[in-house]
Amino acid sequence: MSTVTRSDTTPARPTRAAWTVLIAMTGGLAMIMLDQTVVTVALPTMTRDLPLSAGGQQWVVNSYVLAMAATVAMGGKLGSKLGPVTTFRVGIWIFFLTSALCGLAPAGSIGQGWLIGARVAQGCGAALMMPVSASIVIAAFPSDMRGRAMGVYSGISQLFLALGPLLGGTLTEWVSWRAVFWLNVPVGVAALVLMRRARPANPRQPALSVSVPHALLLMAAVGTTVYALQQSASWSWGSARTLSVLATGVVLSGVFVTTQLRSRDPLVKLGLLRHRGFNGNVVVLFATQFSMIGLVLYSSLYAQNLLGYGPVRAGFASLSFIVPLMVAAQISGRWYDRSGPRGPLLTGLVLAATGTLVWALTLTRIDYWANVPGSVMVGFGLGLVFSPVNTDALSRVPSADRPQASGIIQTVRQLGGTLGVAVIGTVVLDQLNRVVPPADRLHHAAEAMRGGYLTAAAVFGAGLLASAFLLAKGKPDMDD
């Protein structure tokens, strides 16, 4: 009879170095999440200063997400080959240096191209950091404390995702829109210093190969698909352009999957999807990202366009969503450590679906306080989800495969969020385009947003049903 031993030498209790690693990884992920939303509020000021065209404004936001989505799976492969710590360090150098370049964008004819190019490079740096940061945290902590550690890691990162509009508005209004990007420089330097002090394990698999044709095929497949989803609102879903670009992305994705299944050393280890528990977490993550990004976007637009709030006040209005998310993230980590993923994840999805329905029904009252109960329920529900879903997914694969597993997770995250914004945006815009009397426009806009919220609630519900069948019933017993 064979015996199973632990594959690492993680102590029974986390060391000071483990907490240092957690702070560094949380800071790095917070920068990545912040840059997905922080720029939106600063766009009008950037447009006046540089200036930016209407298409340029869109691409300042979209280029970052597109570059990250297209290259994040590649980042997971490099994390396995070069080591997660090495990959993270390269990524954070790229990220904060290109952030500085964003802030230095010159006014005049080259300013727009400069800023968009720097945003693309930022997205590539983020793609190197995201897949490996979670695996570094998992490896630093013993299995009975990983849920707690990932609660901090996930909770703070989601906090910064939601805080983006508030921080962006405050910096733009009181300092400069350039400070939105320069903020990443000291955070990046601090993360590098903390990593040097903690010296986390950096397991490498130098024998792994990285196929350049496969990497280019993956980037083309994901990039084309995400581009079609991003442009669907302006092109319309039924247009020949949208359908042809989306079909191209789907075909390229099919070709890529076929090459990976036949390869002895695939760029993306699709065999990880044979783990039923891992698949359950992927479904949960897709559903939550689909709905959450749309809710964050339209709750900010609701506060500014319908309630008449300024950027800073709109950011403070989001606290009814953010604070419950932060509280629940700490509860869910301990809950996972005690009993595994099903309790916190299923409860969180029930709360998120129910809260979104409640929130949708109160939108037409055009009153902030009427919306608070629904937003609190959604925030608390999502807080119960984000820590366990990442912890459990990475704990169900061998430690050597965690960077690649994280690459798959982050690709699903980006695709889910992008598809959610596209679909929810299409539902909202379809209703907004209907002609109504001027006196009814405010109420009509709220009704249009309600349609988007009901779509988000339906996806939460679908994720709940699927995950009830797919999620494992207990925690993994061992690290590998």
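Residue numbers run consecutively from 1 along every chain, following the written order of its sequence. Local features in a predicted model are, by the rule used here, given only for residues with pLDDT of at least 70; side-chain atom pairs are given and counted only at 80 or more, and totals for whole chains, interfaces and linings are based on all residues. Calculation of side-chain values draws on the structure's entire complement of heavy atoms; hydrogens and water are dropped beforehand.

J.: I'm lost on the overall build of the protein chain in this one. Help?
T.: Only DSSP runs of H or I reaching four residues or more are called helices, and only runs of E reaching two or more are called strands; each is numbered from the N terminus. Helix and strand counts for the protein chain come out as 16 helices and zero strands. Our radius of gyration looks at C-alpha atoms and nothing else; its globule reference is 2.2 Å times the residue count to the power 0.38. Whereas a compact globule of 480 residues would reach a radius of gyration of roughly 23 Å, the protein chain reaches 22 Å, a difference of no more than 12%. Considering only C-alpha atoms, the protein chain reaches an extent of 80 × 50 × 45 Å along its principal axes. Values of accessible area rely on a 1.4 Å probe in the Shrake-Rupley scheme; residue burial ignores everything except the protein chains shown. If you sum the accessible surface of the protein chain, you get close to 19,000 Å²; carbon and sulfur atoms cover 67% of it.

J.: I'm lost on the side chain of asparagine 184 in this one. Help?
T.: Along the chain, asparagine 184 turns up in helix α7 (residues 184-198). Taking the relative accessible area as the measure of exposure, asparagine 184 reaches 1% and is therefore buried. Whether two residues are in contact is decided by their heavy atoms, any of which lying within 4.5 Å being enough. Residues within four places of asparagine 184 in sequence aside, it is in contact with Met31, Asp35, Phe95, Phe96, Ser99 and Gln122. Each residue is assigned to one of three classes by its accessible area relative to the maximum for its type, calculated with a 1.4 Å probe on protein chains only: buried under 20%, partly exposed between the two thresholds, exposed over 50%.

J.: Quick question: what am I supposed to make of the nonpolar core here?
T.: Soluble globular proteins: nonpolar side chains tend toward being buried together. Formed by 103 residues in total, the largest nonpolar core has its most connected members in Met25, Ile32, Phe278, Phe321 and Leu382. Sort the elements by how many residues they give to this core and helix α10 (residues 276-306) lands first, with 13 residues. Among residues more than four places away in sequence, those in contact with leucine 382 are Thr288, Met292, Phe321, Leu325, Ala352 and Phe460. Residues belong to one nonpolar core when they are buried, are Ala, Val, Leu, Ile, Met, Phe, Trp, Tyr or Cys, and are joined through side-chain atoms within 4.5 Å. Grouped together as the second largest cluster of nonpolar side chains are 20 residues, Leu34, Ala42, Trp177 and Val180 included.

J.: Which parts of the structure should I look at to understand the packing of helix α12 (residues 319-339) against helix α13 (residues 342-362)?
T.: Geometrically, a packed helix pair is captured by the angle between its two axes and the distance between the axes. Axis lines are fitted through C-alpha atoms, for helices just across the contact stretch, and the angle between N-to-C directions can take any value from 0 to 180 degrees. Taken N-terminus to C-terminus, the directions of α12 and α13 make an angle of 160 degrees; their axes are 10 Å apart at the nearest point. As far as their axial angle goes, α13 and α12 are roughly antiparallel. The handedness of the crossing between α12 and α13 comes out as right-handed. Listed contacts from α13 to Phe321, Ser332, Trp335 and Tyr336 of α12 are Gly343, Pro344, Thr347 and Trp359. Gly counts as polar in this scheme, as do all residues outside two lists: the nonpolar Ala, Val, Leu, Ile, Met, Phe, Trp, Tyr, Cys and Pro, and the charged Asp, Glu, Lys and Arg. Across the contact of α12 with α13, the residue classes tally to five nonpolar, three polar and no charged. In this scheme, roughly parallel covers angles under 35 degrees and roughly antiparallel covers those over 145, while 65 to 115 is roughly perpendicular and the rest are oblique. Each helix crossing is assigned a hand: it is left-handed if the near helix lies turned anticlockwise from the far helix by less than a right angle, otherwise right-handed if that turn is clockwise.

J.: Please clarify how the state of the cysteines should be interpreted in this entry.
T.: Structurally, a disulfide amounts to a covalent bond that connects the sulfur atoms of two cysteines. Throughout, disulfides are identified as pairs of cysteine sulfur atoms within 2.5 Å of each other. Counted by the stated rule, this structure contains zero disulfides. Free of any disulfide, cysteine 102 has its nearest cysteine sulfur in cysteine 124, 12 Å distant. The class of cysteine 102 is buried, set by a relative accessible area of 0%.

J.: Mind showing me how you'd approach unusual backbone geometry here?
T.: Glycine aside, a negative phi is what most residues show, and trans is what most peptide bonds show. In this structure, the amide linkage connecting leucine 50 to the following residue, proline 51, adopts the cis form with an omega of -10 degrees. Its place among the elements puts proline 51 in the loop between α1 (16-49) and α2 (54-82). Within the chain, serine 236 stands out as a residue other than glycine whose phi angle is a positive 80 degrees. Looking at the secondary structure, you find serine 236 in the loop between α8 (212-235) and α9 (240-262). With a phi close to 50 degrees, isoleucine 366 is a non-glycine residue in the positive phi region. The partly exposed category is assigned to isoleucine 366, whose relative accessible area is 23%.

Such coordinate-based values are descriptive only and should not be taken to indicate function.
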